[in-house]
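Chain by chain, the residues:
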Amino acid sequence: MTDLAPYFDDVQSHYDLSDDFFALFLDDSRTYSCAYFAGDDFSLAEAQQAKINLSLEKCRLEPGMRLLDIGCGWGATMMRAVEGYDVQVTGLTLSRNQHDHVARLLAARPNAHGSEVRLQGWEEFNEPVDRIVSIGAFEHFRYERHAAFFDRCREILPADGRMLLHTIVINERDVIRAKGLKLDRKFFEFGRFIVTQIFPGGELPTPSRVVKLAEAAGFDVERIHPLQLHYARTLDHWADALRERKEEAIRIASEDTFDTYMRYLTGCAELFREGYIDVMQFSLAVAD
């Protein structure tokens, strides 16, 4: 495969804004992806832990395995895998702030089984692993690299390898229309806002695209688990928390940044609630 350079600038423009700013609205684990409200009375922190447990359980981890976490964020999934599953974890992130945070977490855990975090993209990683988990990173990979991503994952997994891919998807146009929703100017303007001011280079796949490319790379798609309304609820929590700490947000960043993030969080919540977009967990197993 042709060498591909990771999109460091695109990712760092968002995730390296300020750890203090993200801490204003994320839970204490700094988990920046859809939570799983397994119980109606779950707090955001409980729901994020439930999502992490759900994801790792689908990987079918066994003690001594090596787990690759592609897009490891601030390390919550890595820490849970180390502490709860007795595995060695390699985390990849393109964010300097996230890398440094996870490195500090690992340094404080002497029994981390040789786990490490790297400032590195999947494009640069080509070492054997037993399992792969990727939560909320696929949206940054761009269409032209999707096939290469699945090929790379298949190459580094063994014959009994498994992968859990958690990603936001945009529903097929016929699905959107069947819901009575409009693909109008407002929808496309908000999409432009997201890719120009929030997630540069971001592109959402359709569910069928994920399935098609995963199967072409040599995976069986064993389960697709939609979490649509869980993400709407997650975003509501984040927006409420940021709104409550407006003065701190303006002090740390700026009023413009606060306004931009409120538009992003509340607008995305509505898209999930209405059904334009979804978030799905794809359980993939290496095909026989």
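Since the structure is predicted, the reported quantities are computational estimates derived from the model, not experimental observations.

Draft legend 1. Structural context of the overall build of the protein. When helices and strands are tallied, the protein shows 12 helices and seven strands. Radius of gyration (C-alpha) of the protein: 18 Å, near the 19 Å computed for a compact globule of 288 residues. Within the protein, contacts between residues separated by at least 24 positions form 78% of all contacts whose residues are at least 6 apart in sequence. Put simply, the protein shows about 12900 Å² of open surface, and 47% of that area lies on carbon and sulfur atoms.

Draft legend 2. The arrangement of helix α3 (residues 44-59) in detail. Helix length check: α3, at 16 residues, gives a terminal C-alpha distance of 23 Å against a target of 22 Å (1.5 Å per residue), a fit within 8%. Counted residue by residue, α3 has 12 buried out of 16 residues, so it is predominantly covered. For α3, the complete set of buried residues consists of L44, A47, Q48, A50, K51, I52, N53, L54, S55, L56, K58 and C59.

Draft legend 3. Quick peek at the environment of L92. Locating L92 in the fold gives a position in strand β2 (residues 88-93). Once residues within four sequence positions are removed from consideration, L92 is found in contact with L68, D69, I70, G71, C72, R118, Q120, G121, W122 and F125.

Draft legend 4. Summary view of the packing of aromatic side chains. Enumeration over the complete set of coordinates arrives at 28 aromatic pairs. Plain terms: the ring middles of F138 and F141 are 5.8 Å apart, the flat faces sit at 75 degrees to each other, and that makes the pair edge-to-face. Accessibility assignment for this pair places F138 and F141 in one class, buried. Each residue in the set Y15, F21, F22, F25, Y32, W74, F199, Y231, W238, Y261, Y264 and F272 is aromatic and connected to the rest through ring pairs, giving one cluster. We note R233 situated over the ring of F37; from NZ or CZ to the ring centre the distance is 4.1 Å. In this arrangement the basic side chain of R263 is found over the ring face of F193, its NZ or CZ atom lying 4.0 Å from the centre.

Draft legend 5. Spotlight on the pairing of strand β7 (residues 277-286). The element β7 is largely enclosed, with a buried count of 10 among its 10 residues. On β7, burial covers both faces: I277, V279, Q281, S283 and A285 on one face and D278, M280, F282, L284 and V286 on the other are all buried. Judged from the nine bridges that link them, strand β5 (residues 162-170) and β7 form a sheet pairing that is antiparallel. Paired with L165 across the bridge in β7 is F282. Pairing of strand β6 (residues 219-226) with β7, which is carried by seven bridges, proceeds in the antiparallel orientation. For F219, the partnering residue across the bridge sits in β7 and is V286.

Draft legend 6. View of the sheet that holds strand β4 (residues 131-135). Taken in spatial order, the seven strands line up as β3-β2-β1-β4-β5-β7-β6 in an open sheet, and their pairing is mixed. Two strands lie at the open edges of the sheet, namely β3 (116-119) and β6, each paired on one side alone. Across this sheet, the average inter-strand angle for adjacent strands is 20 degrees, counted without regard to direction.

Draft legend 7. Structural detail: the packing of helix α8 (residues 185-198) against helix α12 (residues 255-274). The contact between α8 and α12 brings their axes to 11 Å, and the two run at 135 degrees. As the angle between them shows, α8 and α12 are arranged oblique. Crossing of α8 against α12: the hand is left-handed. Residues F187, E189, F190, F193, I194, Q197 and I198 of α8 lie in contact with α12, whose contacting residues are T260, R263, Y264, G267, C268 and L271. The residue makeup of the contact of α8 with α12, split by class, is eight nonpolar, three polar and two charged.

Draft legend 8. Quick peek at the environment of A269. Looking at where A269 falls in the secondary structure, it is placed in helix α12. On the accessibility criterion, A269 (1% relative accessible area) is buried. Excluding anything up to four places from it in sequence, A269 contacts A232, L235 and D236.

Basis of the calculations
Along each chain, the written sequence defines residue order, and numbers are assigned to residues from 1. Residue-level local features of this predicted model are given only where pLDDT is at least 70; pairs of side-chain atoms are given and counted only at 80 or more, and the full residue set underlies all totals for whole chains, interfaces and linings. Side-chain numbers come from the whole structure's heavy atoms, not from hydrogens or water. Where helices and strands are cited, they refer to DSSP runs of H or I of at least four residues and of E of at least two residues respectively, numbered from the N terminus. Throughout, the radius of gyration refers to the C-alpha atoms, and the reference size of a globule is 2.2 Å times the residue count to the power 0.38. Contact definition: two residues touch when any of their heavy atoms are within 4.5 Å. All accessibility values rest on the Shrake-Rupley procedure with a 1.4 Å probe; residue burial counts only the protein chains present in the view. Multiplying 1.5 Å by the residue count of a helix minus one yields the expected span of that helix. Between buried and exposed lies partly exposed: a residue is buried under 20% and exposed over 50% of the maximum accessible area for its type, with that area taken using a 1.4 Å probe on protein chains only. Planes of paired rings set the category: under 30 degrees apart is stacked, over 60 is edge-to-face and the rest tilted, where pairs are Phe, Tyr or Trp rings (Trp by its six-membered ring) whose centres lie within 6.5 Å. Look at NZ for Lys and CZ for Arg. If either is within 6 Å of the ring centre and within 35 degrees of the ring normal, a charge sits over the ring. Two strands qualify as a pair provided DSSP detects at least 2 bridges between them. Fitting a line to C-alpha atoms yields each axis, with helices limited to the stretch in contact; the angle taken between N-to-C directions then spans 0 to 180 degrees. For classification, angles of less than 35 degrees are called roughly parallel, those exceeding 145 degrees roughly antiparallel, those between 65 and 115 degrees roughly perpendicular, and all remaining angles oblique. Each crossing gets its hand from how the near helix is turned against the far one by less than a right angle, where anticlockwise is left-handed and clockwise is right-handed. Residue polarity is assigned by list, with Asp, Glu, Lys and Arg as charged and Ala, Val, Leu, Ile, Met, Phe, Trp, Tyr, Cys and Pro as nonpolar; anything else, Gly included, falls into the polar class.

Function cannot be inferred from these measures alone, as they are strictly geometric.
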